[in-house]
Each structure stands twice: as C-alpha cells, then as structure tokens.
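Residue-level listing of the chains:
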Amino acid sequence: MLKSIIVVLVLGSVCVQAAEKKRNWGYSNTPKLPSGWRVHDIERPQPEVVTPAQNPGGAPSDAIILFDGTDVSAWMGIKQDNPKKKKYNPEGNMLWKVENGYLECTPTGDIRTKEKFGDCQFHIEWQTANPRQGNSQNAGNSGIFMQRRYETQVLDNFENRTYADGMAGCVYGQQPPLVNACRKPGEWQSYDIIFQAPRFDGDVLVSPAYVTVFLNGVLVQHNQEVLGPTTHKKLPVYKPHGDDAIQLQDHNNNTRFRNIWIRRLNLTADNARSE
Ligand code: MG
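Worth saying up front: this structure is predicted, and the values here are computed from it rather than measured.

### Quick look at the domain arrangement of the protein chain
- In terms of domain boundaries, the protein chain breaks down into domain 1 (1–46) and domain 2 (64–264).
- For domain 1 versus domain 2, the separation of C-alpha centres amounts to 52 Å.

Structure below.
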C-alpha cells in the first residue's frame with residue numbers, strides 16, 4: 001500500500017514537472033494588453049513560419065514569383081485595339097523583351113500582372129541605360145504602379161535633376177523620396193515596397209493607401225499616405241476600386257527588370273483576442 005502511494009506521488013510530481021516545463025514558454029498570470037492578450041501570453045498564436053531566401057533580395061517561401069529571369073507567364077500587355085495608336089496591341093500580348101535573365105521595356109505599352117493584389121510586399125530590381133539616354137524625366141523612366149494606379153517612380157536620378165516629386169522613390173506627383181539613394185546608370189538597383197491598399201465603403205473612402213519604400217535598402221518613403229491615383233500635372237482624386245494588378249510603365253526608355261516577387265499581406269488584420 002505504502003509502495004503504491006509512493007509510486008503515485010512520484011508519478012504525480014513528474015507529471016507536474018513536465019506540465020510546468022511545457023508551460024515555460026509563456027505566462028497566464030500577467031496583466032492584459034489593450035489587445036486583450038496578456039503580456040507574454042502563453043495562448044497567443046504563433047506566427048506562421050516563412051523560410052527566408054538563402055541570399056539577400058531573394059524570394060521567401062510564401063512569395064509569388066512574378067519574374068525569375070525567364071518566365072513571363074505572370075504578365076500580360078495592355079490591350080490597345082485602335083490600329084492608328086502607336087502602341088497597338090489588340091490581343092494584349094506581353095511584348096517586352098526577355099534576355100540574359102532580365103525583362104526589358106520595349107516601346108509597346110505598359111505590362112501588368114495577370115493576378116490582382118491588395119496589401120502586399122513587393123520586390124523588384126531595375127537597371128537604367130548606361131550611358132544615360134536622356135535627362136530629367138527621360139532618363140530611364142518607368143514606374144511600379146500598385147493596383148494600376150499608385151506609382152513609385154523608376155528613374156535614373158544619379159546626378160540627373162528633375163522635379164522632386166518625380167524622382168526615383170517618389171510617390172509620383174505627390175511626395176519626394178526622403179533621400180536620393182540612386183546608384184549610377186547601368187548598375188542594378190532594388191525596390192522593396194510595402195503597400196497598404198485603400199479601403200472603400202461603397203463610394204466612400206474609408207482609409208487611403210499607404211506606402212513604405214526602400215531604394216537600394218535605404219528608406220525613401222515611410223508609411224506615406226497616398227493622396228489618390230498618381231497623375232501628371234493634376235491633383236489626385238480617389239475613385240473606389242478593388243484589388244488590381246501591378247503595372248510596369250513603358251515610358252519609351254529601355255529600363256530593365258529582374259527578380260520580381262510579391263507577398264500578399266493583410267495590413268489591417270485584427271490583432272485583438274476574441275473573447
Ligand atoms: Mg514613371
């Protein structure tokens with residue numbers, strides 16, 4: 001009998017120790033944060049595992065690859081079915097050039113992704129012509145249009161003056177970059193863009209778009225409010241829309257692109273604990 005009691009006590013003690021060991025990754029007796037979660041809450045869900053790329057700038061495991069150096073199946077051209085127009089493209093074919101691992105803009109019109117996106121993290125690398133083939137807005141001009149409306153300017157701004165809200169890294173026509181972090185013409189440059197899509201309720205704008213941009217790893221836009229679709233010589237005006245494609249601009253310069261990937265995000269997800 002005594003033996004049995006000792007065995008039960010020892011086993012009980014082992015179980016308690018195991019349980020305590022198991023629970024030592026968090027707490028259930030700490031004060032609550034405004035989100036409803038406790039400080040170091042043991043019940044708080046673990047973030048999803050994402051495997052980063054082996055090399056800086058590479059696509060992590062949850063990215064959608066938009067261009068890997070050869071495959072352009074994620075892209076299409078912009079339909080132009082008026083044969084009198086310069087960029088006539090009745091089928092909306094992707095007519096940019098692919099060679100040596102990059103995609104090169106040809107004077108055939110913008111291209112866009114087939115898929116549509118909302119909030120996202122977007123990576124792209126770009127190279128303007130060396131030697132430079134024009135100046136001001138005609139030097140390596142292209143652009144990344146989030147949701148086909150909101151342009152982060154692509155431009156060769158290395159010792160090339162133009163209006164501040166039209167520089168590389170600007171929200172075009174609205175907000176200059178925080179600094180000019182351009183490399184020399186002919187050098188590969190990178191953009192990492194975090195885009196929060198605008199929210200609409202019917203015809204009403206509930207929340208504008210916001211954009212954060214790194215140019216060559218340097219912060220050039222910090223959660224910058226976007227005032228509406230970017231335009232030339234006009235004020236921006238929001239019109240309701242849903243998710244839409246990423247569009248790359250043909251501005252009659254042979255700017256090149258490579259290593260393009262995107263991650264879908266939900267930047268206004270509710271972080272609070274549901275009771
Ligand atoms: Mg542009």
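Next, the rest of the story.
### Observations regarding the coordination of the magnesium ion
- Asn141 (OD1), Ser142 (O), Glu151 (OE), Gln153 (OE1) and Gln249 (OE1) make up the full set of protein donors to the magnesium ion, lying at 2.1 to 2.3 Å.
- Ordering the donors of the magnesium ion by residue number gives the pattern N-S-x8-E-x1-Q-x95-Q. With Glu151 in strand β8 (residues 150–154) and Gln249 in the loop between β14 (247–248) and β15 (256–264), this pair connects stretches of sequence that are 98 residues apart. In this pair, the class of Glu151 matches that of Gln249, namely buried.

### Considerations on empty space enclosed by the protein
- All chains considered together, the criterion is met by 1 cavity of 30 Å³ or more.
- Taken as a whole, the largest cavity encloses approximately 40 Å³ of empty space.
- What lines the largest cavity is Met146, Tyr150, Glu151, Thr152, Val171, Phe195, Val211 and Val226.
- With 3 residues, β8 is the single largest residue contributor to the lining of the largest cavity.
- Class assignment for the residues of the lining of the largest cavity results in 6 nonpolar, 1 polar and 1 charged.

### A word on the pattern of salt bridges
- According to the stated counting rule, one finds 11 salt bridges in the structure shown.
- The closest approach of N and O atoms between Asp62 and Arg263, which form a salt bridge, is 2.8 Å. Here Asp62 is found in the loop between α1 (2–22) and β1 (64–67), whereas its partner Arg263 is found in strand β15, with 201 residues between them in sequence.
- Asp250 is paired through a salt bridge with Lys87; the nearest N and O atoms lie 2.8 Å apart. With a gap of 163 residues between them, Asp250 in the loop between β14 and β15 and Lys87 in the loop between β2 (75–77) and β3 (97–99) connect regions that are remote in the sequence.
- Lys87 sits in the partly exposed class, given a relative accessible area of 21%.
- Through salt bridges that share partners, Lys97, Glu99, Glu104 and Arg256 make up one connected network.

Criteria and cut-off values
Residues numbered from 1 in each chain as written. Predicted model: local features only at pLDDT ≥ 70, side-chain atom pairs only at ≥ 80, totals over all residues. Heavy atoms only, no water. Domains from an automatic or database assignment. Donors = N, O, S within 2.8 Å, 3.2 Å for Na, K, Ca; no water. Helix = DSSP H or I, 4+ residues; strand = E, 2+ residues; numbered from the N terminus. Buried < 20%, exposed > 50% of the residue type's maximum accessible area, 1.4 Å probe, protein only. 1 Å grid on protein atoms, 1.4 Å probe; cavity = no way out; pocket = protein on both sides within 12 Å on 5 of 7 lines; lining within 4 Å. Points joined across faces, edges and corners; volume = space filled by probe spheres on them. Nonpolar A, V, L, I, M, F, W, Y, C, P; charged D, E, K, R; others polar. Salt bridge = Lys/Arg side-chain N within 4 Å of Asp/Glu carboxyl O.

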